[in-house]
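Summary of the model geometry
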Amino acid sequence: MSAPRARPATLILHIMHKDWKLLWPLAFACALLQAVLAFLEYRPESFAAGGGSEAAAMILSLSTGMALVLTILLIVLQDPVPGVDQDWLVRPIERRDLLLAKVLLVVLIVHGPIVAVHWLRGVAEGLAAGDMLRATLLSNLQLALSFSVPVLTLAVLSRTVTEALITALAALFFVFLSNLLLATVAMLWTHAFQFGGSIAGTGLAWIVADLHEIVLLLTTAAVIGLQYLHRDTRRSRIVLAAGLLLFEIVGRLPWQPAFSWQEALSVDPQAGSAVTIAVSPAAAMQASDFALQPSDVKARQRPVAPRRQRLRVGLELRGVPPGWVLHADQVAFRLVDAAGVTVYRGSGQDWDLHAAGDGAASVQQIIDVPKKVPASALDRQVAIELDYSLSLLEPRVLAALPALHGNALIPDLGRCVSRLDDDGTGIQLGCDAAGELPPCLSVSLRREVTEQPGPETFVCDLDYEPTAWRFSVEPIERFVRKLTLENAAGATTERSDAALQGAAVVFRVYVAMAHFSRHVVVAQIGAPGSGAASSSP
Amino acid sequence: MTTQGMLRMQGVCKRFGSHAALTGLDLAVPEGSAYALIGANGAGKTTTIKLAMNILTPTSGAAEILGVDTRRLSPAVLTQIGYVSENQAFPKRMRVGEYLTYLRAFYPTWDGDLEASMARRLQLPLERRIGALSHGMRIKVALACALAFRPKLLILDEPFSGLDALVRDEFMEDLLMQAGEMTILISSHELAEMEHVATHVGFLDAGKMLIEDSMSDLNARMREVRVTLEGAATLPERLPREWLRARAFGNVVSFVDTRYAEAELPGRIRAVFGSVRQVDAQALPLRTVFTTLAGAARDGRLP
């Protein structure tokens, strides 16, 4: 009578043990690289330099990435899936067990050391062990989805490392080609050649990123499943190509459906209901210098392109709660002639409004159009239709940190420290957070407890993704800022430690509460004396 | 399809793109037999075996191994099938001993003593990496890996290819020593080695089974016949269809009779040639059987 077969768990461990015996030197090399990299990135406090130069860290980071790719490929290629000559095909090995063994070994060899060194680094930097563990596990999950699983997919489609690299190059070329094709097709509608789609770089980019992850996950799961359970490499390659094409198509998600979804996810949809926008010839004709992202100010001040003409529309806004920020995520405009025919469509410059007092403010809307369009439009008495996609951000005070020698764990921000800089002209701030920092926050100096804080310095990279869904590949996010000391006239001044005793840095986080749309019509810009919009050469 | 026999195929077709490797193959390997699957290069022997092992899936038709549809071959069934192939790709970086140890866990019937004795007899270098072994030594390792769990069915795909005479002999000796009740399916175009082992034979040509029979029946009904006539020999225009490779030289006519019956032969010869001086009928070596049938198949003259 034959003995019973070993239990699946035992066989899975047995396969893992076999691969481990072959790959342990590589696994140790990867772990060592991870540890050295963590040491280079380790900073005992926010302002300290890392353990090595940035160039060394970058080279090491690349080497580690390549070593990890090689490790994942070799784990799978110990028992390649495509082909008809592999010995494991004729052995009583459940394909499901083989797949599980490979996945578990990737988790153990690739992700195990990363979790360990990231967690140790975070704890050594003074972050809470529990927070750090959560952040490390989440960042590893993200790393698995965006790195390990795709590499695993390449491996299951290949017989050798060389074949896997060729497959990767072919996939990249296919992605580039399909992106080029889609961008060209999209240009017919948008008049702009964009590689990344209209959502890239906005607070809605997370929608595309999440859709990309879903497409990637479904595609890789389908390919890995097809390969291990049916060993159908031809069909798997077709599925991969279809997945990559869908990946690119998803990247071109039109603005409107994405923003509609964002509207539906508003934390407080009523918050924006009082906001009105009206055309106001009397509104300020100077572009605002307030922006959540400092680079936007420079972009707004950039001169108009040679073949374009700039139109400025004065707008009066009401109903923005005091202290809140109104951000124009997208300004779509159409030039419409008297017959209702669209002469031209494009995007205007976005803007930010930091409301004060009664919540009324004026902004200047800038739109650039090709020179030839207004010339013909003037003859036809065109109107401008502006479609605003807006987000309202509420400020919430997180904490106040002593401006001098502050060192505290602040919820959401992690360990924050402060000090007077060497020349006494500013407060240096640094925060190390386990996981992601809030996407939009501000810092301001309050000289006395009884005083109102001074002007805010914003650090924003807008991301409207619900907090619970948000996690990144980086287990520790760092934030370093200098808060310049200014006098009443706005000039930089020098201070001493004594002058700043009792002063504190106030951290505020700006949370997107509502997303909504507004439609504004500027009638007959070509009509003499309309005044609602002016053009400049 | 019935489940009799260790391996059965019925109307199996396999296409690779526009190329048809098998075109309606019927095959039955009886239990306890040593079945020689014979065919020229490209006849479809390896494809047949890979279909049997579920390494490839048939385009159409039905195939069963140990009573199970080959497309649903479970690990439990695979614990009863040993497999050796000239192209078998082992993990090159593993040592021979490590690999035997690795495989042991998958087979409940693995016999450690048998493994040890085979390793001794075949002089397997247990400490060497598989990638560093010669082709012949790899085939020996494959044989040890295929026999150590005492399979019910042993499948050998071109096992002699590239082996020198000494290794072939060692291989066959060890194989026969362990054969016992085992059913063996062996594919090869090395016919001399098969001759003394095979109990059944299947001739595969261009993806089709030409003839499938037991060796004893085949030997009984196929003879090379030499007829010495009274005068100069000439071949008549029409010869019985079952007479193949007919040739005339001097006063002798020779042919291969594929439906040999000792009692009837003189009468059949007389009906064609009239009176004859002498008739000799000799058993054919497997090689001649194969070449005769393959030639007839190519000319469309298969009886």
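All names here are of chain A. What you see with strand β6 (residues 361-370) is a clean split: Ala361, Val363, Gln365, Ile367 and Val369 sit on the buried side and Ser362, Gln364, Ile366, Asp368 and Pro370 on the side with no burial. With ten bridges connecting them, strand β2 (residues 308-318) and β6 associate as antiparallel partners. Within the sheet, the bridge partner assigned to Leu317 lies in β6 and is Ala361.

This part is about the packing of helix α4 (residues 129-156) of chain A against helix α6 (residues 205-230) of chain A. When two helices pack together, their arrangement is captured by the angle between the axes and the distance separating the axes. All names here are of chain A. Closest axis-to-axis distance for the α4/α6 pair is 9 Å, and the angle between their directions is 30°. If you check the angle between α4 and α6, you find them roughly parallel. The chirality of how α4 crosses α6 is left-handed. The residues of α6 that touch α4, namely those facing Leu145, Val149, Pro150, Leu152, Thr153 and Val156, are Glu213, Leu216, Leu217, Thr220, Val223, Ile224, Gln227 and Tyr228.

All names here are of chain B. The four strands lie next to each other as β2-β1-β4-β5, forming an open sheet whose pairing is antiparallel. Both edges of this open sheet fall to β2 (19-29) and β5 (68-69), since each of them pairs with a single strand only. Here two bridges tie strand β4 (residues 60-65) to β5, and the two strands are oriented antiparallel to one another. Looking at the pairing, Glu64 lines up with Asp69 of β5. Across the sheet, helix α1 (residues 45-52) lies against β1 (7-16), β2 and β4, angled at about 65° from β2, the strand it touches most.

For the rest of this paragraph, the subject is the environment of Ala206 of chain B. In this fold, Ala206 of chain B is placed in the loop between β9 (200-205) and β10 (208-214). Taking C-alpha positions, Ala206 of chain B is 29 Å from Ala165 of chain B, a pair spaced 41 residues apart along the chain.

Here we come to the interface of chain B and chain A. Contacts between the two partners involve 22 residues from chain B and, on the opposite side, 20 residues from chain A. Those elements that provide at least two residues to the side of chain B that touches chain A are α2 (75-78) and α3 (96-104) of chain B. In the side of chain B that touches chain A, the residues fall into 16 nonpolar, four polar and two charged.

Definitions and limits used
- Residues numbered from 1 in each chain as written.
- Chains lettered and ligands numbered in written order.
- Predicted model: local features only at pLDDT ≥ 70, side-chain atom pairs only at ≥ 80, totals over all residues.
- Buried ≥ 20, exposed ≤ 12 C-beta atoms within 10 Å, placed from the backbone.
- Helix = DSSP H or I, 4+ residues; strand = E, 2+ residues; numbered from the N terminus.
- Pairing = 2+ DSSP bridges.
- Axes fitted to C-alpha atoms, helices over the stretch in contact; angles between N-to-C directions.
- Parallel < 35°, antiparallel > 145°, perpendicular 65-115°, else oblique.
- Left-handed = near helix turned anticlockwise from the far one by under 90°.
- Contact = placed C-beta atoms within 7 Å.
- Nonpolar A, V, L, I, M, F, W, Y, C, P; charged D, E, K, R; others polar.

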